[in-house]
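# Summary of the model geometry
Letter by letter, the chains look like this.
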Amino acid sequence: MRVLVWCLILGLPGPALAQGVFRGPLLQSPKPDEITLVYESPSPSTGVVRYGVGAPSGQTVNTGAAATHHELRLTGLSALGPPGTEIRYELEVGGTVHAGSFLLPPAAGSPFRFIVYGDNRSSPAQHQQVVNALMADTPRSSFAINTGDLVSSGQDEGDWDEFFPVANPFLAQTPLYMAIGNHETVINNWDVTRRIFVLPTDQAPASNEEGFYRVLYGNVELIVINVEADNLYTVSFLAGDQEAWLEEVLATRTAGIEHRFLFIHQGPYSSKVGRNGNFWLRQWLPDLATAGIDVIFSGHDHYGERGFAENGIPYVIHGGGGAPLYETLGPRTTSDHTIIWGESRLGYATVDIDGPKATIQLRGLAGEVLDQFSYGDAVAPACQQASDCGPAPTHGCPGGGWACEKNACRYACGPGSGSLIACATDRACEDLLTSCQGTPTCQHPSLNPLGWYCECVLPPECQAAADCAGRPSPIPGCTGTWGCEDEQCEFTAELCMPVDAGVDAGAADSGTQSPIDGGVDGAIADAGQLADAAAPADTGLSGEAPPAASGCGCETSSGAGPELWLWLSAALFYAGARRLNRSPRRPLWARVRP
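Numbers given for residues are sequential positions, taken from 1 along each chain in its written order. With the structure being a predicted model, the display of local features is reserved for residues of pLDDT at least 70 and the display and counting of side-chain atom pairs for 80 or more, all residues being used for whole-chain, interface and lining totals. Excluding hydrogens and water, the side-chain figures rest on all heavy atoms present in the structure.

Before going further, it helps to spend a moment on the packing of aromatic side chains. Centre-to-centre distance and the angle between the planes together describe a pair of aromatic rings. Pairing of aromatic rings covers Phe, Tyr and Trp, the last through its six-membered ring, and needs centres within 6.5 Å; plane angles under 30 degrees mean stacked, over 60 mean edge-to-face, and all others mean tilted. According to the stated counting rule, one finds 22 aromatic pairs in the structure shown. Every member of this aromatic cluster is reached through a ring pair, and the members are Phe-112, Phe-114, Phe-143, Tyr-177, Tyr-213, Tyr-217, Phe-261, Phe-263 and Phe-297. Should the NZ of a Lys or the CZ of an Arg lie within 6 Å of a ring centre and within 35 degrees of the ring normal, that charge is described as sitting over the ring. Positioned above the aromatic ring of Tyr-375 is the side chain of Arg-410, whose terminal nitrogen or guanidinium carbon lies 5.6 Å from the ring centre.

Cysteine sulfur atoms that come within 2.5 Å of each other are treated as a disulfide pair. Applying the stated criterion to the full structure yields four disulfides. Sulfur-sulfur distance for the disulfide between Cys-383 and Cys-404 comes to 2.1 Å. Disulfide Cys-383-Cys-404: the torsion about the S-S bond is 95°, which places it as right-handed. With Cys-383 in the loop between β21 (369-375) and β22 (401-405) and Cys-404 in strand β22, this residue pair connects regions lying 21 residues apart in the sequence. Between buried and exposed lies partly exposed: a residue is buried under 20% and exposed over 50% of the maximum accessible area for its type, with that area taken using a 1.4 Å probe on protein chains only. The exposure class of Cys-383 is buried, given its relative accessible area of 2%. Cys-389 shares a disulfide with Cys-409; S-S distance 2.1 Å. Around the S-S axis, the bridge from Cys-389 to Cys-409 shows a dihedral of about -90° and counts as left-handed. A run of H or I in DSSP counts as a helix once it spans at least four residues, and a run of E counts as a strand once it spans at least two, with each numbered from the N terminus.

Helical geometry: 3.6 residues make up each α-helical turn, so side chains three or four residues apart lie on a common side. For helix α3 (residues 157-171), spanning 15 residues, the distance from its first C-alpha to its last is only 18 Å, which falls clearly below the expected 21 Å at 1.5 Å a residue. A residue's bend is given by the angle between axes fitted to the 7 residues ending at it and the 7 residues starting at it. Along α3, the largest kink reaches about 45° and is centred on Pro-165. Glu-157, Asp-159, Trp-160, Asp-161, Phe-163, Phe-164, Val-166, Ala-167, Asn-168, Phe-170 and Leu-171 are the residues of α3 that are buried. Residues of α3 that are buried in the fold lie against β1 (23-28), β8 (112-117), α2 (124-136), β9 (143-146), β10 (176-178) and α4 (191-196). Each polar contact in these results corresponds to two N or O atoms within 3.5 Å; when the atoms are within protein, one needs to be able to donate a hydrogen and the other to accept it, and residues that are neighboring in sequence are counted only if both atoms are side-chain atoms. For α3, the N-terminal cap is Asp-156; the gap from its side-chain oxygen to the backbone nitrogen of Gly-158 is 2.8 Å. One fewer than the residue count of a helix, multiplied by 1.5 Å, yields its expected span. Note on contacts: a residue pair qualifies if any of its non-hydrogen atoms lie within 4.5 Å across the two residues.

With respect to the helices and strands, the residue Pro-440 is situated in strand β24 (residues 439-443). Placed 11 residues apart in sequence, Pro-440 and Cys-429 show a C-alpha to C-alpha distance of 5.4 Å.

For two strands to pair, DSSP has to find at least two bridges joining them. What the four strands build is an open sheet, ordered β4-β3-β6-β7; its pairing is antiparallel. Strand pairing shows two members of the sheet lacking a second neighbour, β4 (59-62) and β7 (96-103), which therefore form its edges. On average, each strand axis in the sheet is tilted by 20° relative to the strand beside it, whichever way the strands run. Two strands pair when backbone bridges link them, and strand β3 (residues 47-52) and β4 are joined in this way by four bridges, in the antiparallel orientation. Counterpart to Arg-50 in the pairing with β4 is Thr-60. To get an axis, fit a line to the C-alpha atoms, keeping to the stretch in contact for a helix; angles then go from 0 to 180 degrees between the N-to-C directions.

At a minimum axis separation of 10 Å, helix α5 (residues 241-250) and helix α6 (residues 279-290) run at an interaxial angle of 25°. Here α5 is positioned roughly parallel relative to α6, judged by the angle of their axes. In this structure, α5 uses Glu-243, Leu-246, Glu-247 and Leu-250 to contact α6, whose residues at the interface are Trp-284, Asp-287 and Leu-288. The residue classification treats Ala, Val, Leu, Ile, Met, Phe, Trp, Tyr, Cys and Pro as nonpolar and Asp, Glu, Lys and Arg as charged. All others, Gly included, are polar. Here the residues of the contact of α5 with α6 are counted per class, giving four nonpolar, no polar and three charged. In what follows, roughly perpendicular refers to angles from 65 to 115 degrees, roughly parallel to angles under 35, roughly antiparallel to angles over 145, and oblique to any angle outside these ranges.

Our focus in this paragraph is the nonpolar core. Counting residues in each nonpolar core, the largest one holds 67 residues, and the members touching the most others are Phe-114 and Phe-261. With seven residues, α3 is the largest single contributor of residues to this core. Excluding residues that lie within four positions of it along the chain, Phe-114 makes contacts with Ser-141, Phe-143, Leu-222, Phe-261, Phe-263, Ala-349, Thr-350, Val-351 and Ile-353. Grouped together as the second largest cluster of nonpolar side chains are 31 residues, Trp-245, Trp-284, Leu-285 and Ala-309 included. Here, the term nonpolar core denotes a set of buried Ala, Val, Leu, Ile, Met, Phe, Trp, Tyr and Cys residues that are joined through side-chain atoms within 4.5 Å.

Attention now moves to the sheet that holds strand β12 (residues 220-224). Read across the open sheet, the eight strands follow the order β11-β12-β13-β14-β16-β15-β18-β17; overall the sheet is mixed. Of all strands in the sheet, those with a lone pairing partner are β11 (213-217) and β17 (332-333), marking the two edges. Pairing analysis gives five bridges linking β12 to strand β13 (residues 259-263), with the strands arranged parallel. When the bridges of β13 are listed, Glu-221 appears paired with Arg-260. Across the face of the sheet, α5 comes into contact with β11, β12 and β13 while running at roughly 165° to β12.

Quick look at the pairing of strand β14 (residues 295-298) now. By the alternation rule, side chains of β14 split into Val-295 and Phe-297 and Ile-296 and Ser-298, which are all buried. As paired strands, β13 and β14 are joined by three bridges and run parallel to one another. In the sheet register, Phe-263 faces β14, and the bridge partner there is Phe-297. Inspection of the sheet shows β14 paired to strand β16 (residues 314-318) by three bridges, in the parallel sense.

What follows is about the confidence of the model for the protein chain. Overall, the prediction assigns the protein chain a mean pLDDT of 78, with 73% of residues at 70 or greater. The pLDDT value tells you how sure the predictor is about a given residue, anywhere from 0 up to 100. In this model residues 416-420 is a low-confidence stretch, pLDDT under 50, and it forms 14 contacts with partners more than four residues away in sequence or in other chains. This model gives residues 499-594 a pLDDT under 50, and the stretch forms 208 contacts once residues within four places in sequence are excluded.

If you trace the backbone, Ala-107 turns up in the loop between β7 and β8. For Ala-107, a relative accessible area of 32% gives the class partly exposed.

Note the cis peptide between Gly-24 and Pro-25, where omega equals 0°. With respect to the secondary-structure elements, Pro-25 resides in strand β1. Cis rather than trans, the peptide bond between Thr-138 and Pro-139 has omega equal to -5°. By secondary structure assignment, the location of Pro-139 is in the loop between α2 and β9. In this structure, Asn-188 is a non-glycine residue whose phi angle is positive, near 65°. Within the secondary structure, Asn-188 is located in the loop between β10 and α4. The class for Asn-188 is partly exposed, based on a relative accessible area of 41%. Even without being a glycine, Asn-407 presents a positive backbone phi close to 60°. With respect to the helices, strands and loops of the structure, Asn-407 is situated in the loop between β22 and β23 (408-412).

What follows is the structure in structure tokens.
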């Protein structure tokens, strides 16, 4: 890895990277009339795909010349059957047949489901448990979107050789989209991931980069952005192609779209002590609200969580795709967001779309519903006005309160309670963050002094696995081992008591929700219950708590490692020179088009 890092820094060709397993078939970019099938073989190969309704016959696509990487377009799908039809296929390579199937996109107004999951890296056994759960999930999903960190190092071919044997069965029957995670990149380079996956860039306004793209599927719009190989700068001097594209996307509302979802690896908030979420995404929250973004989905943190951003946009974190788990502090209110539910659990999220109604459920390995919320139900609305949503919590989010939007209760913090605490020096932060258990620091992420903010920087959590020993399991009923990864303690489960899926799933089906009530379609269980969670003292940017007795410390920025300083100055100079002629951002209300 060190050789590869230096090759990337100096612009030299890296060492040859070998592939050792068959990867695929991987279904990508589903459309009403076509889909892309990708596969990679350990040595150059040719192959043929046969597909049809009922049996994989009638239509044939050949790979052409021998190669290790193939992308095949299966076309003419709409002539095979009506929307929602199951198409069966078989890929034959070297005499071996790999079979699978997929669903055509649904007809307008027809219900469908898709899956959100992420952070599969580092633990094949746990990843396998999640894949088993995804395969068993019903009704069948039309597609899935992974929120990033599929492997530990996306530039390491061996990591993909570990990923695909586990994921192949699911990917052969479920078209996949993905957001780029920090573990897919090495010094902003994600060429291996870019080669393996075919991410769509052709939906207008078209993207010039696979790391950020837009998808229209039925009445749903997926907006996927990349903060690992770029950033979401709001300062015009730094803003680049992704920002210009996102401005145009947010300002363009396509007719017939009833749901707008944003996907990103690092979301606006984090409940892992010492993390604060993505600073730049928080600066976009006003634009996202104006554009009608319904939910922000993210991963990066290895647990499940659901809450409200400071301006009322619901957000979902699910990084329980197989990576070792993090501890999380659970439901509470902070200075800039409200957390309704959070647990250290492996699992995934399902999104059910039925016309204007969307139901989001966070699930465990047995498919049990751990938390859920919905909006847009005109038949049985959760609310018609703010007074239907119950009392506000008694602490946190100054001036905050409930609002009723799309027949759903949404809790928003009041004006001026946002993420930024302006500063000029570290000394100023000492006065502002009096409860900080680490080092109050004035962060300077931009050239704009108005963008500087205070953060409580906690010491590294660990240097070796022994530093994490003795911590209790973050998963009730599970035993396992603690390790140290990127100076963070991570828990790998080894043995867990079986979950009583029947009780949990049955309760969910009957309308009973998690202890902190199911959310947007209902008030927080009651103000007293959330108040009893005793919001911890604010440590800075996201109102995180000081470390609990068994809590973890802080995250160091993941990515390239100590070599980063060698090229940082040159990178900043290049970014400034490339973006110097950009015009200032106009407010979104001046840009929105029907």
